[in-house]
Amino acid sequence: MRKAAPAAARAQAPRSRAGMTPANGGLMLDRAAKPRRTGLELPPELPFETWQRIGGQIALIADSSNWWLGDWLAYGTSYYADRYRRAVEETRLDYQTLRNYAWIARRFPMARRRDKLSMQHHAEVARLPVEQQELWLDRAERHRWSRNRLRAELRRLGELGRVNEDRSSVRVGIDIPPDKEAAWSRAAGRANSSLAEWIILVLDDAAASALDIAGSAHGGDASQQEAAHPA
């Protein structure tokens, strides 16, 4: 009889899902699909079931890559405070999008991420306390809610409003030209954030960068600064 895995191992191991290899939990595409840098080659007369399965695998890999990018950037800010920004620029990836991914990744340690839900599901509840995060992710997973359905349920029950009331906050008012407001709104939309959330993320990013520079100049520990001032 196979022995049960220790509780700690069970907590860390992700639950299986279509598209994951049983050997190491890695991601893969069906052998019928040949991925290329600029496309995907599929054979003629592909059975519908195989075509459908490949679509699910691609979606899983795409969502997983968001987590990978978030973890990658979070690692860089902790270990390469004086070099990670240049590395990010050299990848030619959108910096603000990466910062969003990193913020979500920090809010959810790997053991608490739900592989049956997308990163965007997690983003919807990321500002909630941990207990509420778990509650809403449980509901979304159990009822197979889409990201939009989860957002609608949160708004319907006023959960986000109650959380904002419970948190101490300071209101800051600024006057900005209409053209800047329009540009900022477009940038927020591309980051799948409200304008207010986007402004906070950008300011958090600027503050973290300034503190990283100041800490490096004074011999501060970058990982401690990052923990104290997350993006």
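Above this text you will find the structure in question.
This text gives an overview of the structure that appears in the document. Starting afresh in each chain, residues are numbered from 1 along the sequence in its written order. Per-residue local features of the predicted model are confined to residues with pLDDT of at least 70, and side-chain atom pairs are confined, for both listing and counting, to 80 or more; whole-chain, interface and lining totals are unaffected and use all residues. Values shown for side chains rest on all heavy atoms present in the structure; no hydrogens or waters enter the calculation.

**Considerations on the overall build of the protein**
Now for step 1: Working definition: helices are DSSP H or I runs of at least four residues, strands are E runs of at least two. Numbering for both runs from the N terminus. Scanning the protein for helices and strands turns up 11 helices and two strands.
Now for step 2: When the helices and strands of the protein are placed in sequence order, the string is α-β-β-α-α-α-α-α-α-α-α-α-α.
Now for step 3: Burial classes follow relative accessibility: with a 1.4 Å probe on protein chains only, a residue under 20% of its type's maximum area counts as buried, one over 50% as exposed, and anything between as partly exposed. Taken over 231 residues, the protein has a buried fraction of 30%.
Now for step 4: Contact definition: two residues touch when any of their heavy atoms are within 4.5 Å. Nonlocal contacts in the protein, meaning residues at least 24 apart in sequence, comprise 54% of its contacts between residues at least 6 apart.
Now for step 5: Total accessible area on the protein stands at roughly 15,700 Å², and carbon and sulfur atoms take up 55% of it. Per-residue and other accessible areas follow the Shrake-Rupley method at a 1.4 Å probe size, with only the shown protein chains counted as cover for residues.

**Observations regarding the packing of aromatic side chains**
Now for step 1: Think of it this way: a Phe, Tyr or Trp ring, Trp meaning its six-membered ring, pairs with another when their centres are within 6.5 Å, and the plane angle makes it stacked under 30 degrees, edge-to-face over 60, tilted otherwise. Using the criterion set out here, one finds four aromatic pairs in the structure.
Now for step 2: Within the aromatic cluster, the residues linked to one another by ring pairs are Y75, Y79 and Y80.
Now for step 3: When the ring centre of W136 is taken as origin, the NZ or CZ atom of R139, which lies over that ring, is 4.5 Å away. A positively charged side chain is recorded as over a ring if its NZ (Lys) or CZ (Arg) lies within 6 Å of the ring centre. The angle to the ring normal must also be within 35 degrees.

**Describing unusual backbone geometry**
A negative phi angle characterises most non-glycine residues, just as the trans form characterises most peptide bonds.
Now for step 1: Phi at E45 takes a positive value of approximately 55 degrees, unusual for a residue other than glycine.
Now for step 2: Counting through the fold element by element, E45 comes out in the loop between β2 (39–41) and α2 (48–79).
Now for step 3: For E45, a relative accessible area of 80% gives the class exposed.
Now for step 4: Residues other than glycine seldom take positive phi values, yet R144 does so here, at roughly 55 degrees.
Now for step 5: Its relative accessible area of 77% is what places R144 among the exposed residues.

**Examining the nonpolar core**
Now for step 1: Membership of the largest hydrophobic core comes to 23 residues, with the highest contact counts inside it found for F108, V125, W136 and L150.
Now for step 2: For this core, the elements supplying multiple residues, two or more each, are α2, α3 (84–91), α4 (95–107), α5 (119–125), α6 (130–143) and α7 (147–156).
Now for step 3: It is α4 that provides the largest number of residues to this core, a total of seven residues.
Now for step 4: Here F108 is in contact with W67, R113, H122, V125, A126, Q133 and L137, once residues within four sequence places are set aside. Side-chain atoms within 4.5 Å are what join buried Ala, Val, Leu, Ile, Met, Phe, Trp, Tyr and Cys residues into a set we call a nonpolar core.

**Overview of the side chain of Q133**
Now for step 1: With respect to the helices and strands, the residue Q133 is situated in helix α6.
Now for step 2: Residue Q133 is classed as buried on the basis of its relative accessible area of 0%.
Now for step 3: Side-chain atoms alone can form a polar contact between residues adjacent in sequence; in general such a contact is a pair of N or O atoms within 3.5 Å, and within protein one must be able to donate a hydrogen while the other accepts it. A distance of 2.9 Å separates the side chain of Q133 from the backbone oxygen of L128, its partner in a polar contact.
Now for step 4: Sequence-distant contacts of Q133, that is, excluding residues within four places in its chain, are made with R107, F108, R112, V125, A126 and L128.

**Topic: a nonpolar patch on the surface**
Now for step 1: Taken together, the side chains of L40, L42, F48, W51 and I58 present a nonpolar region at the surface, about 480 Å² in accessible area.
Now for step 2: Considering each element in turn, the nonpolar patch owes the most residues, three residues, to α2.
Now for step 3: Tracing the sequence through the fold places L40 in strand β2. Only residues whose relative accessible area exceeds 30% and that form no salt bridge enter a patch; like-charged residues are grouped when within 9 Å of one another, and nonpolar side chains (Val, Leu, Ile, Met, Phe, Trp, Tyr) when within 5 Å. Salt bridge, as used here: a side-chain nitrogen of Lys or Arg that lies within 4 Å of a carboxyl oxygen of Asp or Glu.

**Remarks on the environment of G56**
Now for step 1: Tracing the sequence through the fold places G56 in helix α2.
Now for step 2: G56 sits in the partly exposed class, given a relative accessible area of 39%.
Now for step 3: C-alpha separation for the pair G56 and L29, spaced 27 residues apart in sequence, amounts to 9.4 Å.

**Here's the deal with the packing of α2 against α4**
Now for step 1: Think of each axis as a best-fit line through the C-alpha atoms, taken over the contacting stretch in the case of a helix, with angles from 0 to 180 degrees between the N-to-C directions. Between α2 and α4, the shortest axis-to-axis distance is 7 Å and the interhelical angle comes to 85 degrees. The angle between α2 and α4 places the two elements in the roughly perpendicular class. The segment α2 lies against α4, with N66, W67, L69, G70, D71, W72, L73, A74 and T77 engaging L98, R99, Y101, A102, I104, A105 and R106.
Now for step 2: The class makeup of the residues in the contact of α2 with α4 is 10 nonpolar, three polar and three charged. Orientation labels follow simple angle bins: below 35 degrees gives roughly parallel, above 145 gives roughly antiparallel, 65 to 115 gives roughly perpendicular, and whatever is left gives oblique. Only Asp, Glu, Lys and Arg are considered charged in this grouping, and only Ala, Val, Leu, Ile, Met, Phe, Trp, Tyr, Cys and Pro are considered nonpolar; every other residue, Gly among them, is considered polar.

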